[in-house]
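# Close look at the chain arrangement
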Amino acid sequence: MELTTTLSEHVRTRLARAERIAVLTGAGISAESGVPTFRDPDGLWARFRPEELASMEGFLANPERVWQWYQHRRHVLESVQPNPAHRALVQLENLVGEVIIITQNVDRLHQRAGSHRVLELHGNLEDNYCSACGRPYCDDGSADDRLPPRCPSCGGLIRPAVVWFGEPLPADVFAAAERAARRAEVFLVVGTSCQVYPAAALPQIAWECGATIIEINPLPKPIGSIAHAVLPHKAGSALPALVEHIAWLRATGGTEQTTLPQR
Ligand code: OAD
């Protein structure tokens, strides 16, 4: 793939000098690993109803259906690997003092790639807890794919530790994400439609606090108006190219007019 985006002097200088970069990621960064997105034409919400599968009401109405869907998604994750976009963000840590990834994804692919500071806004698919008493539930591998287990303490139904529609985000995680957005000198927005709040507010917060905003998305309408640069490509190509370019800018001072390297 060819990347020929010309970066403005402002963007080049920021990339050459920034010591704090925050990255908001969404389902698009994992698409090339084989994890489906939500709102693309072949995404999960084109085939399934979110209110049935991703809400407490849906779970209580049909716990088996919801449990089976999450077990299926867990099994999908067993056979996928982080892709070059996840790995590029690990490389970025070698170039910049502070890299904080704020992810809406529940697939743990950033951690599996080796990123050190990952804030999971929407929980994760690995863990479970009791929907009645809230105690964490340790799955010893014996959980039935068809029926949610029962809590050993109170008998309540066990649910996945993901945030469902209508539920608040973990307050400490969102506070850390907001702090990272406020502190960031560069804020990357990768593979998200920016339709789900409060995560979708973070690019605006970063922009208001003076961050340089760069969006990577093959269909980059979500935050187009506040982005200082838009790379309208898949993350698996664009992020490695961008990180390679950041390394080059930091080595040279970022003063020369450049285009991103071709791939
Ligand atoms: P969406 O499915 O809403 O958006 C995915 C975005 O990724 C779209 O803008 C695509 O254009 C883009 N995209 C697709 N392939 C890509 C690629 N290879 N590289 C880069 N971008 C690509 O997913 P999210 O924005 O993550 O929440 O959705 C946010 C939340 O909505 C999810 O965390 C989930 C969902 O309901 C909960 O379950 C709470």
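Residues numbered from 1 in each chain as written. Predicted model: local features only at pLDDT ≥ 70, side-chain atom pairs only at ≥ 80, totals over all residues. Heavy atoms only, no water.

### Brief notes about the pairing of strand β7 (residues 186–190)
What counts, and what does not: Throughout this description, buried means an accessible area under 20% of the type-specific maximum (1.4 Å probe, protein chains only), exposed means over 50%, and partly exposed covers the range between. Here a strand is any run of E in DSSP of at least two residues, a helix any run of H or I of at least four, and the numbering for each starts at the N terminus. Any two strands are treated as partners once DSSP identifies two or more bridges connecting them. Convention used here: a crossover is right-handed provided that the path from the first strand, over the helix, to the second strand proceeds clockwise when the strands point away from the viewer.
Burial analysis of β7 places five of its five residues in the buried class, which makes it a mostly covered element. Side chains of β7 alternate between two faces, with V186, L188 and V190 and F187 and V189 buried alike. With five bridges joining them, strand β1 (residues 20–25) and β7 adopt parallel strand pairing. Across the sheet, T25 pairs through a bridge with V190, a residue of β7. By the bridge criterion, five bridges tie β7 to strand β8 (residues 212–216) in an arrangement that is parallel. Residue L188 lies in a different strand from β8, and its bridge partner there is I214. With helix α10 (residues 202–208) bridging β7 and the parallel β8, this β-α-β connection has right-handed handedness.

### Some words on the site of the ligand
Applied cut-off: A molecule or strand has a residue near it when one of that residue's heavy atoms lies within 4 Å. Identification of polar contacts relies on pairs of N or O atoms within 3.5 Å, with a donor-acceptor requirement for protein atoms, meaning one able to donate a hydrogen and the other able to accept it, and with residues adjacent in sequence counted only if both atoms are side-chain atoms. All accessibility values rest on the Shrake-Rupley procedure with a 1.4 Å probe; residue burial counts only the protein chains present in the view.
Taken together, 23 residues lie near the ligand, and F38, R39, T192, S193 and N217 sit nearest. Residue A27 places a main-chain N or O atom 2.8 Å away from an oxygen atom belonging to the ligand. T192 is positioned with one of its side-chain polar atoms (N or O) 2.7 Å from an oxygen atom of the ligand. Coverage of the ligand by the protein chains reaches 93% of its 800 Å² of free accessible surface.

### Some thoughts on the domain arrangement of the protein
Convention followed: These domain limits were set by an automatic method or by a database of domain assignments. Contact definition: two residues touch when any of their heavy atoms are within 4.5 Å. The term buried area denotes the loss of accessible surface (1.4 Å probe radius) that occurs when two parts are joined, taken as the sum for both partners. Each reported salt bridge corresponds to a side-chain nitrogen of Lys or Arg within 4 Å of a carboxyl oxygen of Asp or Glu.
We note that the domain assignment places domain 1 (6–34 + 81–122 + 169–259) and domain 2 (50–79 + 127–162) within the protein. Here the C-alpha centre of domain 2 lies 31 Å away from the C-alpha centre of domain 1. Taken residue by residue, the interface counts seven residues in domain 1 and seven residues in domain 2. Of the roughly 450 Å² buried at the junction of domain 1 and domain 2 (both faces included), carbon and sulfur atoms supply 48%. Sorting the residues of domain 1 by area buried against domain 2 places V106, D107 and H122 first, and these three jointly supply 52% of that buried surface. The interface formed by domain 1 and domain 2 holds one salt bridge in total. R108 is the partner of D127 in a salt bridge, and the nearest nitrogen-oxygen pair spans 3.9 Å.

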